[in-house]
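Coordinate analysis (summary)
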Amino acid sequence: MTSTEPGRPVQRIVIGVDGSEQSIQALRWARRLAADIGARLEAVLAWEYPMITGWGTAAMPLTYNLHADMEKVLTDAVDTAFGADRPADLRLDVLEGHPARLLIERSADALMLVLGSRGHGGFTGLLLGSISANVAEHAHCPVLVVHGDRLPDAR
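Description of the structure in this document. This is a predicted model, so every value here is computed, not measured. (Residues numbered from 1 in each chain as written. Predicted model: local features only at pLDDT ≥ 70, side-chain atom pairs only at ≥ 80, totals over all residues. Heavy atoms only, no water.)

1. Things to note about the overall build of the protein
Summing up its helical and strand segments, the protein has 4 helices and 7 strands in all. The linear arrangement of helices and strands in the protein, starting from the amino end, is β-β-β-α-β-α-β-α-β-α-β. Classification of the 155 residues of the protein by burial places 41% in the buried group. In the structure as shown, the protein presents an accessible area of about 8500 Å², 55% of it carried by carbon and sulfur atoms. (Helix = DSSP H or I, 4+ residues; strand = E, 2+ residues; numbered from the N terminus. Buried < 20%, exposed > 50% of the residue type's maximum accessible area, 1.4 Å probe, protein only. Areas by Shrake-Rupley, 256 points an atom, 1.4 Å probe, with all protein chains shown as cover.)

In structure tokens:
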């Protein structure tokens, strides 16, 4: 937790985002929860290079910037979730590493972690899928796994 006033911690809700519709729903749910309790939001997209082996696999060009692509995925997901009404204190983080491990680390001082029930297949997503299940089992804070397409009630 961080603090804006001495002695008064600001609580933080971490959202695992991979660009899937489920992670966009997780952003919307997290925003509603944060508004109710006065927490700030931290949207995290964690990624790692895919394991590519074999003779038939083409190498990525040396100029290809996967980190920049992941930043765009996160920004696009946030724009889809909130449009022009993006929360003022929303923090966006793109991290290289195993998504479950990094989200579990981020949960250490978070009030809550919010994830979609499933994400994109392959290295970009994986959020109950295996990532959501792993995070829900090992997180250091409560975890909300968003299922379906129901939106939180408007305030």
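2. Comments concerning the packing of helix α3 (residues 99-106) against helix α4 (residues 130-138)
Remark: α3 packs on α4, axes separated minimally by 9 Å, with the N-to-C direction vectors making an angle of 30°. When the axes of α3 and α4 are compared, the pair comes out roughly parallel. Considering the relative orientation of α3 and α4, their crossing is right-handed. Taken together, the residues of α4 that come into contact with α3 (itself represented by P99, A100, L103 and I104) are I131, N134, V135 and H138. (Axes fitted to C-alpha atoms, helices over the stretch in contact; angles between N-to-C directions. Parallel < 35°, antiparallel > 145°, perpendicular 65-115°, else oblique. Left-handed = near helix turned anticlockwise from the far one by under 90°. Contact = heavy atoms within 4.5 Å.)

3. Digging into the pairing of strand β3 (residues 12-16)
The element β3 is largely enclosed, with a buried count of 5 among its 5 residues. On β3, burial covers both faces: R12, V14 and G16 on one face and I13 and I15 on the other are all buried. In this structure, β3 lies alongside strand β4 (residues 40-47), joined through 5 bridges in parallel fashion. For R12, the partnering residue across the bridge sits in β4 and is R40. Bridge analysis of β3 against strand β6 (residues 112-116) gives 3 bridges, and the strand direction is parallel. Considered in β6, the bridge of V14 is made with L113. (Pairing = 2+ DSSP bridges.)

4. Focus: the sheet that holds β4
Reading across the sheet, the 5 strands line up as β5-β4-β3-β6-β7 and stay open at both edges, with parallel pairing between neighbours. Taken across any chain shown, the strands that pair with only one partner, and hence form the sheet edges, are β5 (91-96) and β7 (143-146). This sheet shows a mean twist of 25° between the axes of neighbouring strands, independent of strand direction.

5. Remarks on the pairing of β6
Summarising burial for β6: 4 of the 5 residues are buried, a large majority. Pairing between β6 and β7: 4 bridges, direction parallel. Bridging from a neighbouring strand, G116 pairs with V146 of β7.

6. A closer look at the pattern of salt bridges
Per the stated rule, a full pass over the model turns up 12 salt bridges. The salt bridge partner of E42 is R40, with a shortest N-O separation of 3.9 Å. Its relative accessible area of 2% is what places E42 among the buried residues. D93 serves as the salt-bridge partner of R106, at 2.8 Å between the closest nitrogen and oxygen. Taken as a pair, R106 in helix α3 and D93 in strand β5 lie far apart in primary sequence, 13 residues in all. Considered together, R106 and D93 belong to a single accessibility category, that of buried residues. (Salt bridge = Lys/Arg side-chain N within 4 Å of Asp/Glu carboxyl O.)

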